[in-house]
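Fold and contact review
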Amino acid sequence: MTTKDSTAVKKETVKQEKDLQILWENYLKNTPGRYKIIDTYMAFVVMMGVIQFVYCFIIGKEPWATFLAGFISCVGTFVLVANLRIQSNTSNMKEFPKITPERSFADFFVCSVLLYLYVISFIG
């Protein structure tokens, strides 16, 4: 790698860091608190899925159905929460004109109950 290449890489890295900092500051300033809570829950669900995945390959796959049930639970919960966040966001009302925030929460609740009943039955 030449000096010009390393300088270009450093400049690009600094620009990316600055862009991420601007993105983070705008997120903190412009995002309502309830969406931050939903985003935190989504990050927690992703972290739990990664922990289960890593645990499965480090420790072993012996309770395979249990791993699948837990991992499916994480993925399904993430998808349902993402849908809740999208549908309850007031700026998306024109895309979902007939879905109120209360309806989206009811959909989330019913689908979550169905998901967890499936997960419990899958564990066996």
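One can find the structure itself at the top, above this paragraph.
In what follows, the accompanying structure is described. (Residues numbered from 1 in each chain as written. Predicted model: local features only at pLDDT ≥ 70, side-chain atom pairs only at ≥ 80, totals over all residues. Heavy atoms only, no water.)

Focus on the overall build of the protein
Rules: For helices the rule is a DSSP run of H or I covering at least 4 residues; for strands it is a run of E covering at least 2, with both sets numbered from the N terminus onward. With C-alpha atoms as the basis for the radius of gyration, the globule rule is written as 2.2 Å multiplied by the number of residues raised to the power 0.38. Per-residue accessibility, obtained with a 1.4 Å probe over protein chains only, is compared with the maximum for each type, and a residue is labelled buried under 20%, exposed over 50%, and partly exposed between these values. Contacts are assigned to residue pairs that have any heavy atoms within 4.5 Å of one another. Here the Shrake-Rupley method, with its probe set to 1.4 Å, supplies the accessible areas, and only the displayed protein chains count as covering residues. Only four residue types enter the charge count: Lys and Arg as positive, Asp and Glu as negative, with His and the chain ends excluded. In this description, the location of a charge corresponds to atom NZ of lysine, CZ of arginine, CG of aspartate or CD of glutamate.
Across its full length, the protein carries 4 helices and 0 strands. Scanning the protein from its N terminus toward the C terminus, one meets helices and strands in the order α-α-α-α. For a compact globule of 124 residues, the expected C-alpha radius of gyration is about 14 Å, and the protein comes in at 20 Å, more than 25% above that figure. By its C-alpha atoms, the protein is 60 × 45 × 20 Å across when sized along the principal axes. Relative to its 124 residues, the protein shows a buried fraction of 24%. Pairs at least 24 apart in sequence give 64% of the contacts found in the protein among residues at least 6 apart. Counting only carbon and sulfur atoms, one obtains 69% of the accessible surface of the protein, whose full area is about 9300 Å². Within the protein, the 10 negative side-chain charges are centred at a point lying 5 Å from the centre of the 13 positive side-chain charges.

Quick look at the packing of helix H2 (residues 33–59) against helix H3 (residues 64–88)
What counts is decided by this rule: Orientation is described by lines fitted to C-alpha atoms, with helices fitted over the stretch in contact, and by angles between N-to-C directions that extend from 0 to 180 degrees. Working rule for angles: under 35 degrees goes down as roughly parallel, over 145 as roughly antiparallel, 65 to 115 as roughly perpendicular, anything else as oblique. Take the far helix as your reference; a near helix turned counterclockwise from it by less than a right angle gives a left-handed crossing, and one turned clockwise gives a right-handed crossing. Three residue categories are used. Nonpolar comprises Ala, Val, Leu, Ile, Met, Phe, Trp, Tyr, Cys and Pro, charged comprises Asp, Glu, Lys and Arg, and polar comprises the others, including Gly.
Here H2 crosses H3 at 160°, and the two axes come no closer than 9 Å. Considering their axes alone, H2 and H3 lie roughly antiparallel with respect to each other. Remark: the crossing between H2 and H3 carries left-handed chirality. Tallied by class, residues from the contact of H2 with H3 come to 17 nonpolar, 5 polar and 3 charged.

Thoughts on the environment of Cys-74
Mapped onto the fold, Cys-74 is located in helix H3. Taking the relative accessible area as the measure of exposure, Cys-74 reaches 11% and is therefore buried. Residues Cys-74 and Gln-16, 58 residues apart in the sequence, show an inter-C-alpha distance of 30 Å. Excluding residues that lie within four positions of it along the chain, Cys-74 makes contacts with Val-45, Met-48, Gly-49 and Gln-52.

Side note on the side chain of Thr-77
You can see Thr-77 is positioned in helix H3. Of the residues examined, Thr-77 reaches a relative accessible area of 5% and is grouped as buried. Excluding residues that lie within four positions of it along the chain, Thr-77 makes contacts with Tyr-41, Val-45, Leu-115 and Tyr-116.

As for the pattern of salt bridges
Any two side chains of opposite charge can pair, so long as their charged atoms come close to each other. Quick note on the threshold: A pair is scored as a salt bridge if a Lys or Arg side-chain nitrogen falls within 4 Å of a carboxyl oxygen belonging to Asp or Glu.
The tally for this structure, following the rule as stated, stands at 3 salt bridges. The shortest N-O distance in the salt bridge between Arg-85 and Asp-39 comes to 2.5 Å. Taken together, the residues span a long stretch of sequence, with Arg-85 in helix H3 and Asp-39 in helix H2 at a distance of 46 residues. The class of Asp-39 is buried, set by a relative accessible area of 18%.

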